[in-house]
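# Structural overview for review
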Amino acid sequence: MTGRVVVGTQWGDEGKGKIVDVLSEHADTIVRFQGGNNAGHTVIVDGEKFVLHLLPSGVLHENAKCIIGPGVVVDPFVLLDEMSVLKKKGLSCDHILISDRAHIIMPYHVYQDELQEKHSGNNKIGTTKRGIGPCYSDKFARHGIRMCDLRDFHVFEEKARRFLAEKNRLFTEIYGEKPLDCDKMINDFKAIRDEIVARLVESVSMVNQDLDEGKDVLFEGAQAAMLDINYGTYPYVTSSSPTSAGVCTGAGVAPSKITQVIGVVKAYSTRVGEGPFVTELTDEIGEQIRTNGGEYGATTGRPRRCGWLDLNVVKHASIINGLTDIVLTKIDVLSGMDTLKVCVAYEIDGQRYDYIPSSVEDVAKAKPIYEELEGWKEDISKMETYEELPENCKRYVQFIEKICGVRVSMISVGPDRKNNIYVHDLIHAR
């Protein structure tokens, strides 16, 4: 049995898409277990860029089943658009399946997300306005509509009309905005129903059977530990659990079936949207990192906030995920810098914190405690072995291992799926 999980250890955008794509070559089944189309995963194959939002990043490997799991919230119109793009490039989408337990992002969820941000003023969260939060809210309020409801369209229509009537009162009476057209919404879903229903499966039994038969199952998360609804910088977080524990509820598998947890760590820190960011750089160094790293959101296009590597954050992710391996990405972006700073702890009101405080207000006033390491001048983007790396680059990698207590098994030195240095065997590790 091989149940691998790939998770982000910072605020997302660590390069999980590429890593999932690389590991998917050996997978029998790939399962996306949480989030929605608020994620943006970029995969580059032989110079061609694929930007995925809802589809699992392993979708380019047609030999594996690609399942959108029960814990994902799905905008079916976005899903069909993404598949259309792949089909136009000559790729098959026959292996893409959807859990019939997954919740549907309705048009009123997207509209609600937009209005909440619009009317929040200085208290906005900085969401992607894709309807993710409102959909999860309705899920837990037991007002959600699931994929299985589409099988009997009368059931779907009854729920959709009832829930939209409630939402329209919110839109008009609270926000003072226009209501949504219910008939148009129903007709739009009627037009795509057959295509969606044809892909629905009861995925829990399917995934567990694959695991029990010894197949290689890869679980893919979106976002990252610091955006976790429980353990991130609340309330500036996502609406689900993008941690290894989220696999259990989001895919329907037992903890004992997870044999490997791979944490993707970007060699520096970035964040999109609102919320505290202790190592943020607003100077020319921050701009240099943003430019060299191409740090602009794959989903929103927003420039990412950039800063030095925060190992207090990565340690936090290591603990809550139970990391067995680290994949270090975008370390090539740091080439050419004389000195590199790494945050190892926080100072808050004169006290040292070797962990992430629960209070977002405390994190907001935290000062980074840095250790400085010497940089390297060499271009490492074409290097293929660990031995080729400059000594100072190796020291940077070793420092991460020392502070986090987790081995770095793979180093990504470029955007293409081939630009990797394997330090330890990721594929056959248990």
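Residues numbered from 1 in each chain as written. Predicted model: local features only at pLDDT ≥ 70, side-chain atom pairs only at ≥ 80, totals over all residues. Heavy atoms only, no water.

## What about the layout of surface pockets?
As a volume, the second largest pocket reaches approximately 280 Å³. Tyr136, Lys139, Phe140, Thr249 and Gly250 are the residues nearest the centre of the second largest pocket, which is lined by 15 residues in total. Secondary-structure elements contributing two or more residues to the lining of the second largest pocket are α4 (132–140) and α8 (244–251). Classifying every residue of the lining of the second largest pocket gives five nonpolar, nine polar and one charged. (1 Å grid on protein atoms, 1.4 Å probe; cavity = no way out; pocket = protein on both sides within 12 Å on 5 of 7 lines; lining within 4 Å. Points joined across faces, edges and corners; volume = space filled by probe spheres on them. Helix = DSSP H or I, 4+ residues; strand = E, 2+ residues; numbered from the N terminus. Nonpolar A, V, L, I, M, F, W, Y, C, P; charged D, E, K, R; others polar.)

## Quick word on the sheet that holds strand β20 (residues 420–422)
With mixed pairing, 10 strands are arranged side by side in an open sheet as β9-β7-β5-β2-β10-β1-β11-β15-β19-β20. In the strand order of this sheet, the two ends are held by β9 (200–201) and β20, each with one partner. Of the strand pairs in this sheet, strand β1 (residues 2–8) and strand β10 (residues 216–220) are connected by five bridges, and their pairing is parallel. Counterpart to Arg4 in the pairing with β10 is Leu218. Against the sheet, α8 touches β1, β2 (29–32), β10 and β11 (260–266), its axis set at about 115° to β1. (Pairing = 2+ DSSP bridges. Contact = heavy atoms within 4.5 Å. Axes fitted to C-alpha atoms, helices over the stretch in contact; angles between N-to-C directions.)

## Observations concerning helix α1 (residues 16–24)
Counting buried positions along α1 gives nine out of nine residues, so the element sits mostly inside the fold. Of the positions making up α1, those classed as buried are Lys16, Gly17, Lys18, Ile19, Val20, Asp21, Val22, Leu23 and Ser24. (Buried < 20%, exposed > 50% of the residue type's maximum accessible area, 1.4 Å probe, protein only.)

## Remarks on the packing of helix α3 (residues 107–118) against α4
Contact geometry of α3 with α4 gives a least axis separation of 7 Å together with a crossing angle of 115°. Remark: the crossing between α3 and α4 carries right-handed chirality. Note on element contacts: α4 touches α3 through Ile132, Pro134, Cys135 and Asp138, opposite Tyr108, His109, Gln112, Asp113 and Gln116. Its residues assigned to classes, the contact of α3 with α4 shows four nonpolar, three polar and two charged. (Left-handed = near helix turned anticlockwise from the far one by under 90°.)

## So, the packing of aromatic side chains
How two aromatic rings sit relative to each other is set out by the distance from centre to centre and by the angle between their planes. Counted under the stated rule, the structure contains seven aromatic pairs. Ring geometry for Phe156 versus Phe189: centroids 4.9 Å apart, planes at 50°, classification tilted. Note that Phe156 is positioned in helix α5 (residues 153–174) and Phe189 in helix α6 (residues 182–197), a separation of 33 residues in sequence. On the basis of relative accessible area, Phe156 is assigned to the buried category, the value being 0%. Plain terms: the ring middles of Trp376 and Tyr396 are 6.0 Å apart, the flat faces sit at 65° to each other, and that makes the pair edge-to-face. Pair noted here: Trp376 is in the loop between β18 (367–374) and α12 (391–404) and Tyr396 is in helix α12, with a separation of 20 residues, a long-range link. Each member of the pair, Trp376 together with Tyr396, is buried. (Phe/Tyr/Trp six-rings, centres within 6.5 Å; stacked < 30°, edge-to-face > 60°.)

Everything listed here is a matter of geometry and, on its own, says nothing about what the molecule does.
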